[in-house]
Structure formats: structure tokens, C-alpha cells
2 protein chains.
Amino acid sequence: MTTPSQPLTIGVFDSGFGGLTVLRALLPLIPAARYIYLGDTARLPYGSKSRETIARYAVSSARFLHQQGADLLVIACNTATALALDDIRAALPIPVIGVIQPGAQAAHTAATLSRNPQPDSSILVLATAATVQSHAYTQALTALGLNTTEKACPLLVPLVEEGWLPNPVPDTTHEPRKSAVTAEVLRIYLTEALAAAPHATTLLLGCTHYPLLKPLIESTLQSLHHPMTIIDSAEATAQTVAQTVAQATPQPTSITPICTFYATDSVEKFQQLGSHFLGQPLTQVHLIDLGG
Amino acid sequence: MTTPSQPLTIGVFDSGFGGLTVLRALLPLIPAARYIYLGDTARLPYGSKSRETIARYAVSSARFLHQQGADLLVIACNTATALALDDIRAALPIPVIGVIQPGAQAAHTAATLSRNPQPDSSILVLATAATVQSHAYTQALTALGLNTTEKACPLLVPLVEEGWLPNPVPDTTHEPRKSAVTAEVLRIYLTEALAAAPHATTLLLGCTHYPLLKPLIESTLQSLHHPMTIIDSAEATAQTVAQTVAQATPQPTSITPICTFYATDSVEKFQQLGSHFLGQPLTQVHLIDLGG
């Protein structure tokens, strides 16, 4: 790590835009850092690809961020964490934090603090097909003594990326028929998931796109008469990174964060869609070629 | 081309599974050929990527099929045809046929044969975001003297790939709530498109995934009281390939086609999802690595 006089450089990696929800949570927690974000947009989505392909893409992306000066790397992508965290750690000499362990820990805390823990209560994880197939969340949660049910929700990422949401980006209007489609898709997925896990008390959002769906998930659960505590792994990961950084090097707190963004495909699309996820305008996006 | 004693080898390329609808249409038309199909599944979807990235991926895929012995290449992918046909033709010494020109020609024939051609009638093209942004269909149709409106429908490919259809694959059951979601998404897209093109008489399916949606598109148009002639560019392309082959080398007709399949990602997924598009079981899928 750098000395306290130099800002710490935190590399944040995702296959696309979703990891910007982790960066969004990091900015207020570690405002004095320098951030380098890489979205491997030319090769997204990772969620539907095989382990070998995902590991190859993720390691080359992580190496790029290390070459750009990252002191610490956040794998802000559930699929890459589930399938490639060990490969990335083996390839790089810097600390690497994924999203799954922090998400599982936060779900454990929520389940423990629950006022009415049922003896057969369990955690429901919503994620992409590849994350679910890896069973990485089940392994992490089982190690913490929690029953887990995982549900693959492949249509949610495209719906979020198309902005079919009740809480659209600034400059767009809410189109009720479009957000109603997303609500119905969520209702279908949650109905199927709760049939398999009727006693689930905690819902873990196992994809960094899903925080944008949180209000809609809450209202859908309400309409299904099944309220749950919702855990956002993006927020949980940012907390873990902040604790790691605070332990390693006390950081000044009065400096504005510096963010640099890299994408492997269209810079314009990254700026437009990314601001949606980051919650603020995105500037300084650089195009890079990682081959392939 | 090969001599009549040797079967002609036709290479068929798509970013994923959709091109199998073109192969499906080719098999009965040219049964004596040998077919090599490549789905660049590790790098799909092409539809949301930039021109430079798509051209790089498509050229490397086309080169692979040529190396495997293709005498003729079919670019069974609207996005790759729209953005990379010239690059592929420049890179290969064999005939290359894309899907856009045959689709446009078939739409022209349909519009000409229409019994009640209105003076301001026009063609409506449904396609991926990248195909629409390329305006390749507008250019091809305008050259034929036809008014054209293009509509990007980014959610249709994921919905087809998830099988949320009223006509599911064998071994799966029809889930009415899921196909109702797809019907509502189609209704939203078609309502927006027809608001922009109220006099459209011909609908051109500008993505090789869309033939699987044809019955649902027909019923949606009926419910919108706007019947149209639907042109499937997969079928039109197969007809063009058959004419080209018949002109070049008379083929024996009594032989069963031989098909070999290559994919750049999961062979299991390709077999499972691909049989949906091909309309018959898929065997002999080989995994290849094109880098990236």
C-alpha cells in the first residue's frame, strides 16, 4: 500500500456497469482515495459464460488495473467473484476483495439480528445463472450456518440495462407499462423462489445490477405478503473495503475522490448507462483493448 | 467451390444460437451439403457492442470457418452482417452471403406483391440495438425504393433465450405468465414502432432470434388491429444461398446433410439451447478458443 501522504489507489472491476453501484457505495466511505474503474464491456455479460472463459477475462482485467497502479482490488462483480476470485488472487500481489464474502457476512448479521428468527429460516439469494451455478453463495452462507436457496434471474440485468424501472434516470420519463413488465418478471421469479424457500427471511441481492431494483423488489415482496430484510452485497462490500483500508493505512478524509474510468467497448454507452448506476455524471472514460 | 462429386461445405456463422434458424432453413433446401456452424458464444451478444469490436470478433470467426474448409460462408447474424460484412469479404477469398440483402429483397417482393399497396406504405424492421444503429436495413431498403422504420428491441433476445414463449421446446411446459411477459414486451415495442410508422404494411424480422417469436408477433399485431406481412430474413437468406449454390454447382439431392458445430463457450448450453433454434437435437458440438 502507499504511504498516507499519497492517496491510496483502489481498482474496481466489473464486467460492465453494475460494479458502479459498489463504487457509489465506496465514494462516501473512502473519499480520499484515487479510484480506477474497469468495465469489461466488450466481453459482457459474464453471467451466461463458462468458468474458464470468465476466469480468463477476469484475470486479464485485474492485471490491467494492477498495471494502472491499483494498491487494492475490488472485484465488484458477483459472477467474476464466484468463478474467478482464486485465479485473480493467484495472479496478483495485492489484496483482492470480492463481493460474495461481504454479502454473506451481512446476510448472517441480518439473520442473527432478526427479532423473530424461525428455526427453519433461510436466506434467499437472487443472482445471474453463472453465479447460481457456481454455488459460491451457498458455500459461503453454509459455512456461516445458514440455510440457503439460490434463484437465477437472467432477465433482470437486461431489464435494468434498458431502464425499464419505476425510478428512471434523470432526463427520462417513467413509463408505467415498462416498469410493470419488470414488476411482473420479479413477481414470477420471487414466486418461484419462495415456493422453494417458504421460510426465507433475508433476501441477498447477489448481482450488482440489482440495487437499482431494490424499491421494486420491496413492493413486490409486499404484494406477495412476504416481507424480507434485503441485503445489498454492493453496500456490504464497500463496508468491508473501508474496514480493510482503515486498518492498513489511516486516510485523510477531506479530499475529493478522483475517479478514472476504463471500458473495453463504447465510451459513449458507458457514460450514458454508467451514470445511472453511479448516481452521478460520469466523465473521463477511456477505451482500452484487452484483446479478444 | 468443390467439384460435384465432393459435397459443398457451407460455413454458417453467428454470435450465438440465432443463426441456427438460418441453418434450419438451409437443410431442406441444400440437403447434400456439409455444414460447419460456429457460434461465438464466449463473446456474445454482439448486439450491444461497438462496430470495431464486432468486426474484430466476426473476422476471426469467419477465418476459422474458412480454415475448416468452408467453400461458401453465410453470416447468419444480422449484427455481424450490418457491421462487418465488408471486413469479412475483404478478409476471405470465398463467397460471403449476409442476411440483410436477402431480407431486404424479400421485403421488397412482399411490398410489391401486396394487393393493396398504399402510396405511403412502408417497411418496419425489428432488430438489435447495434443493427438498428448501423442503419444497414434502411440503406438496403431505401436502395430498393422502400420507406423504412427501424425499431431496436433489446429485450427480445434474452426473452427468447430464456424460453419465455407460448411455443416452448419439447420437454418443457408452457408457462402462461412467462409468455404473457414476452407478449407484453412485444406489444410495447410494436406500439412504439407503429406510432412512428402508422402505414407500415410489411414487418421484417431483422434478428435471427425473432423467427421463434413469429406466432406471438402475429397474435400481437392482430390484437393491435394492424395485420402485416411478416418477412423472416433467416428464410430469405437460405433461399438466396440455395440459388447461389444451384447456379455454381449442381448438387446431388439424395444425401443426408452432415453438420458439425463449434462454440467458443459451454458445449452443454449450446446443445441444450441450440436444439430449440435448430428444431432438432444437436450433437457433435466442439469447443474452440478464438482468444479474447
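Residues numbered from 1 in each chain as written. Chains lettered and ligands numbered in written order. Predicted model: local features only at pLDDT ≥ 70, side-chain atom pairs only at ≥ 80, totals over all residues. Heavy atoms only, no water.

## Regarding the overall build of chain A
Of the regular secondary structure elements, chain A holds 11 helices and 10 strands. Residue burial in chain A is summarised as follows: out of 292 residues, 59% are buried. Total accessible area on chain A stands at roughly 11,500 Å², and carbon and sulfur atoms take up 53% of it. Averaging the positions of the 15 positive and the 20 negative side-chain charges in chain A gives two centres separated by 1 Å. (Helix = DSSP H or I, 4+ residues; strand = E, 2+ residues; numbered from the N terminus. Buried < 20%, exposed > 50% of the residue type's maximum accessible area, 1.4 Å probe, protein only. Areas by Shrake-Rupley, 256 points an atom, 1.4 Å probe, with all protein chains shown as cover. Lys, Arg positive; Asp, Glu negative; His and termini not counted. Charge placed at Lys NZ, Arg CZ, Asp CG, Glu CD.)

## Examining the confidence of the model for chain A
Residues and elements named next belong to chain A. Chain-level pLDDT for chain A is 88 on average; 91% of the residues reach the 70-or-more range. Within chain A, helix α11 (residues 267-278) has the poorest average pLDDT of any element, 83, and strand β3 (residues 72-75) the best, 98. For this predicted complex, the interface score ipTM comes out at 0.83, while the overall pTM is 0.86. (pLDDT = per-residue confidence, 0-100.)

## Some thoughts on the domain arrangement of chain A
Residue and element names in this part refer to chain A. Splitting chain A by domain gives domain 1 (9-98 + 236-287) and domain 2 (101-234). Facing 25 residues of domain 1, the contacting portion of domain 2 comprises 24 residues. For the pairing of domain 1 and domain 2, the buried interface totals around 1,700 Å² over both sides, and the portion due to carbon and sulfur atoms is 61%. The largest share of the area that domain 1 buries against domain 2 comes from Asn78, Ala236 and His276, three residues that together contribute 36% of it. Counting across the domain 1 and domain 2 interface gives 0 salt bridges. At the junction of domain 1 and domain 2, the tally comes to 13 residue pairs in polar contact (both at pLDDT 80 or more). Elements that contribute at least two residues to the side of domain 1 that touches domain 2 include exactly α1 (20-29), α3 (78-91), β4 (96-98), α10 (233-248) and α11. (Domains from an automatic or database assignment. Contact = heavy atoms within 4.5 Å. Buried area = accessible area lost by both parts, 1.4 Å probe. Salt bridge = Lys/Arg side-chain N within 4 Å of Asp/Glu carboxyl O. Polar contact = N/O pair within 3.5 Å; in protein donor to acceptor, adjacent residues only side chain to side chain.)

## Brief notes about the interface of chain B and chain A
Between chain B and chain A, the contact holds 35 residues from the first and 35 residues from the second. Roughly 2,800 Å² of surface becomes buried between chain B and chain A when both sides are summed, with 54% attributable to carbon and sulfur atoms. For the pair chain B and chain A, the interface holds 6 salt bridges. A salt bridge links Glu184 of chain B to Arg177 of chain A; its shortest N-O distance comes to 3.2 Å. Here chain B is connected to chain A by 8 residue pairs in polar contact (both at pLDDT 80 or more). Among the secondary structure elements, those contributing two or more residues to the side of chain B that touches chain A are α2 (51-67), α7 (156-161) and α8 (176-196) of chain B. Counted by class, the side of chain B that touches chain A contains 13 nonpolar, 9 polar and 13 charged residues. (Nonpolar A, V, L, I, M, F, W, Y, C, P; charged D, E, K, R; others polar.)

## Quick notes on the environment of Lys178 of chain B
Turning to its location among the elements, Lys178 of chain B is positioned in helix α8. Exposure remark for Lys178 of chain B: the relative accessible area of 13% places this residue in the buried category. Along the chain, Lys178 of chain B and Asp14 of chain B lie 164 residues apart, while their C-alpha atoms are 27 Å from each other. Setting aside residues no more than four positions away along its own chain, Lys178 of chain B makes contact with Ile188 and Glu192 of chain A together with Trp164 of chain B. There is a polar contact of 2.9 Å between the side chain of Lys178 of chain B and the side chain of Glu192 of chain A.

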